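# Residue-level structure breakdown
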Amino acid sequence: MKNLYSNTKKTLKLIYDLEKKNLIVILLLSLLVSVVPLLTTYLSQELLNSIVAHQVLNRVMVLLIAFVSFTVGSEIVGQISAIFEQKLQVNLVYKLNKIIMNACGDMKLKDFENSETYNQIERINGQIAFKPSQSLDMTINLMKTMITLIGSIIFLSMWSWKMALLLTLVPLTSIYYYIQIGKREFNIQYQRMEDERESWYLNYILTHDFSFKEVKFYDLKEYIINKFSRIKENFIKQDMDLLYQKSKLSILFEVGVQIIGAIVLFVAITAAYSGTILVGNVVSIIKVTSMIQSSSKGVMTSIYALYNNNLYMEKLFEFIEEFVQIENEEVLITDNAEITDIHDIELKKVSYHYPETQSLALKKVDLTLHAGERVAIVGPNGSGKSTLIKVLTKLYENSEGEILVDGVPLREIGETKYKQQLSVLFQDFVKYELPLQENIGFGDIQNISDTEIMKTCMRELNIDFLDEEDLNQQLGIWFENGRQLSGGQWQKVALARSFFKKASVYILDEPSSALDPISEKEVFDSFYEKTKGKIGIFISHRILAAQNADKIIVMDKGEIVDIGTHAHLMKNCRLYQEMERAESYEEYFAA
Ligand SMILES: Nc1ncnc2c1ncn2[C@@H]1O[C@H](COP(=O)(O)OP(=O)(O)OP(=O)(O)O)[C@@H](O)[C@H]1O
């Protein structure tokens, strides 16, 4: 109950912060509407008693007009309130969505490599469209039904406090059981999130283009549907179980309430027969009894739903609080150091291990990079090349050792300012299902309208398969008039994105993995041109591509095994020699 109160307070505070005006109007209108049933009951009682007692017509007419005015007025206020509620809900969902998107955008890469983060986001995103506004609805409903319930009990107590007390017996004892079911329902939903995501993923595989060819070719349809069904059938079983429990409780509640209601009515009718009360009073007792029955049920369901919703809201608050912390951190760090250009980056004994893994992905890496140097990183799969790039680009911040940027520790440099100096092509670059201008312009969002630089980049990379005069051209196949590109063409567009930015450091992770040899040569020529006087780093599996670099870093099992020119490594580094040999098929098969 304490949680219920504090979470409801927090929910109202959140809604108040986001939608102050609408919330106040709704609360006031709801308050107004909630006293109307009692007023009309009182008026109808007086009306009936006046008619039976043959009182003057004027009084009867005044009572009738008041009765009709309140009934019509309450209808109108109810409709106006519904408009504000709708308005609040739409705005609330929109604003909360923006908060969640902001939070996700501010997260760290390590958060996104953790399945619990996905669960957390999924839990929040999946229900954000209705849970917060449902919480508000339930709070208002609770407030309204409580007012009606308390008012009705007071009204009935004026006739008999014992009967009023009797009518509250069942609702009071049911509260506990309703809360227990609410708790159980939330726990089930909470725990099934991982499976929920898996079933979503299985559905995604079967219904999207990226996987269609394999699903068809390997005949995976049945297998995937069966796996999906196993998860969903378990959910259905759990849901039915809960429904059964809820229905059982509802039936017990309903029977108890009706039996007690019948006892109260029996006592009222007997009192009317003996002449202790008037006919009008009997009618109002019948009405108030039914109001107590329905409002106590309303209180039960509101508490149950509120409890269930508040557990969701708790997760939402945790998420928002985490986001606010991240924002503050960023502000603190950014103030410490200014960088306008980067000339040297020095790594001193840098180690990194992924969360929940024991082995080090990077082991005591020592490395210095200077402006004007083009550096290639080579090494077998899993040797730590991409991890090194992610540490260098500050995507992972919790590495051991020290990274100095122009002598300033990287941890003292704000993420935003540091990233302004970098341009990166990731190994798993994104194929944005968006127009060409955004596909390239995302590399430097501040200058997305600078189409001249965009066109220059396209020419440098020989992107002649797209018309540079038609930057609005939609790419991909998800949206209308989209132009699908080949794997290599997408890679060239992603390269244009990283070339679009004017940076001090250019980093390309396997920039030519999908390119033909001619395109590969063109890309490296452009890269060398682009990085004159700057720090240029690229990862490649091809020695042929790496051999012209000023410095080649050879990595294995998270360590740097050697650094040097092609000539130096060909003489001194066994792993490099092996890689070079393997690249030439004749020699490889001869070995
Ligand atoms: N997100 C992650 N969580 C846990 N371990 C990871 C993660 N990413 C990579 N690793 C592990 O870290 C090690 C280095 O991976 P990394 O991606 O840096 O290798 P790489 O040299 O770039 O490989 P490749 O040439 O195949 O791209 C590997 O053993 C890999 O399994």
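This one's a predicted model, so the numbers in the text were calculated from it and none came from an experiment.

## Thoughts on the sheet that holds strand E2 (residues 362–370)
In a beta sheet, neighbouring strands pair by backbone hydrogen bonds and run either parallel or antiparallel. In space, the 4 strands of this open sheet follow the order E2-E1-E4-E5, with antiparallel pairing throughout. Looking along the sheet, the strands with just one partner apiece sit at the ends: E2 and strand E5 (408–409). Here strand E1 (residues 344–352) pairs with strand E4 (residues 400–405) via 5 bridges, running antiparallel. From the neighbouring strand, Glu346 faces E4, where its bridge partner is Leu404.

## Description of the site of the ligand
As a structural note, the neighbourhood of the ligand is formed by 14 residues, with Asn381, Gly382, Lys385, Ser386 and Thr387 the closest of them. Contact between the ligand and Ser383: an oxygen atom at 3.1 Å from a main-chain N or O atom of the residue. Between His541 and the ligand, the recorded distance is 2.9 Å, taken from a side-chain N or O atom to an oxygen atom. A total of 640 Å² of accessible area belongs to the ligand in isolation, and the protein chains cover 65% of it. Looking at side-chain class alone, the shell around the ligand contains 3 nonpolar, 8 polar and 3 charged residues.

## Side note on the UniProt feature "domain: ABC transmembrane type-1" (unreviewed entry) in the protein
Following the UniProt record, one finds the feature "domain: ABC transmembrane type-1" (unreviewed entry) at residues 24–308. Within the segment residues 24–308, helix and strand shares are 92% and 0% respectively, and the terminal C-alpha atoms sit 24 Å apart.

## Concerning the packing of helix H6 (residues 131–157) against helix H7 (residues 161–191)
Closest axis-to-axis distance for the H6/H7 pair is 7 Å, and the angle between their directions is 150 degrees. Like other packed secondary-structure pairs, H6 and H7 cross with a definite hand, here right-handed. Where H6 approaches H7, its residues Ile153, Leu156 and Ser157 are matched on the opposing element by Trp161, Met163, Ala164, Leu167 and Thr168. Looking at the contact of H6 with H7, its residues break down into 6 nonpolar, 2 polar and no charged.

## Quick word on the side chain of Ser423
Assignment of secondary structure puts Ser423 in strand E6 (residues 422–425). Overall, Ser423 belongs to the buried group, its relative accessible area being 3%. At 2.4 Å, the side chain of Ser423 forms a polar contact with the backbone oxygen of Ser498. In this view, Ser423 contacts Ser498, Lys501, Ala503, Val505, Tyr506 and Ile507; residues no more than four positions away in its chain are not counted.

## Quick look at the environment of Asn125
Within the secondary structure, Asn125 sits in helix H5 (residues 115–127). Linking Asn125 and Ile100, residues 25 residues apart in sequence, is a C-alpha distance of 7.8 Å. Not counting the four nearest positions on each side in its chain, Asn125 is found in contact with Asn97 and Ile100.

## A few points about the pairing of strand E3 (residues 374–378)
Buried residues dominate E3, accounting for 5 of its 5 residues. Here E3 shows two buried faces, one formed by Arg374, Ala376 and Val378 and the other by Val375 and Ile377. Pairing analysis gives 4 bridges linking E3 to strand E8 (residues 535–539), with the strands arranged parallel. If you follow Arg374 over to E8, its bridge partner there is Gly536. Pairing of E3 with strand E9 (residues 551–556) involves 4 bridges; the strand directions are parallel. Considered in E9, the bridge of Val375 is made with Lys551.

## Describing the pattern of salt bridges
Close approach of charged atoms allows side chains with opposite charge to pair. Counted under the stated rule, the structure contains 24 salt bridges. Here Asp239 makes a salt bridge to Arg192, at a shortest N to O gap of 2.9 Å. Pair noted here: Asp239 is in helix H10 (residues 221–273) and Arg192 is in the loop between H7 and helix H8 (193–207), with a separation of 47 residues, a long-range link. Between Lys232 and Glu196 there is a salt bridge, with the nearest N and O atoms lying 3.2 Å from each other. With Lys232 in helix H10 and Glu196 in helix H8, the pair connects residues that are 36 residues apart, well separated along the chain. Judged by relative accessible area, which is 26%, Lys232 ranks as partly exposed. Salt bridges linked by common partners bring Glu452, Lys455 and Glu469 together as one network.

## Let's talk about the UniProt feature "transmembrane region" (unreviewed entry) in the protein
Under the UniProt annotation, the feature "transmembrane region" (unreviewed entry) is placed at residues 21–40, 60–84, 140–157, 163–179 and 251–273. A helix fraction of 100% and a strand fraction of 0% characterise residues 163–179, whose end C-alpha atoms lie 26 Å from each other. Regarding residues 251–273, the helix share stands at 100% and the strand share at 0%, and the terminal C-alpha atoms are separated by 33 Å.

Cut-offs and rules
Residues numbered from 1 in each chain as written. Predicted model: local features only at pLDDT ≥ 70, side-chain atom pairs only at ≥ 80, totals over all residues. Heavy atoms only, no water. Pairing = 2+ DSSP bridges. Helix = DSSP H or I, 4+ residues; strand = E, 2+ residues; numbered from the N terminus. Near = heavy atom within 4 Å. Polar contact = N/O pair within 3.5 Å; in protein donor to acceptor, adjacent residues only side chain to side chain. Areas by Shrake-Rupley, 256 points an atom, 1.4 Å probe, with all protein chains shown as cover. Nonpolar A, V, L, I, M, F, W, Y, C, P; charged D, E, K, R; others polar. UniProt positions renumbered as here; feature names shortened; annotations may be inferred. Axes fitted to C-alpha atoms, helices over the stretch in contact; angles between N-to-C directions. Left-handed = near helix turned anticlockwise from the far one by under 90°. Contact = heavy atoms within 4.5 Å. Buried < 20%, exposed > 50% of the residue type's maximum accessible area, 1.4 Å probe, protein only. Salt bridge = Lys/Arg side-chain N within 4 Å of Asp/Glu carboxyl O.

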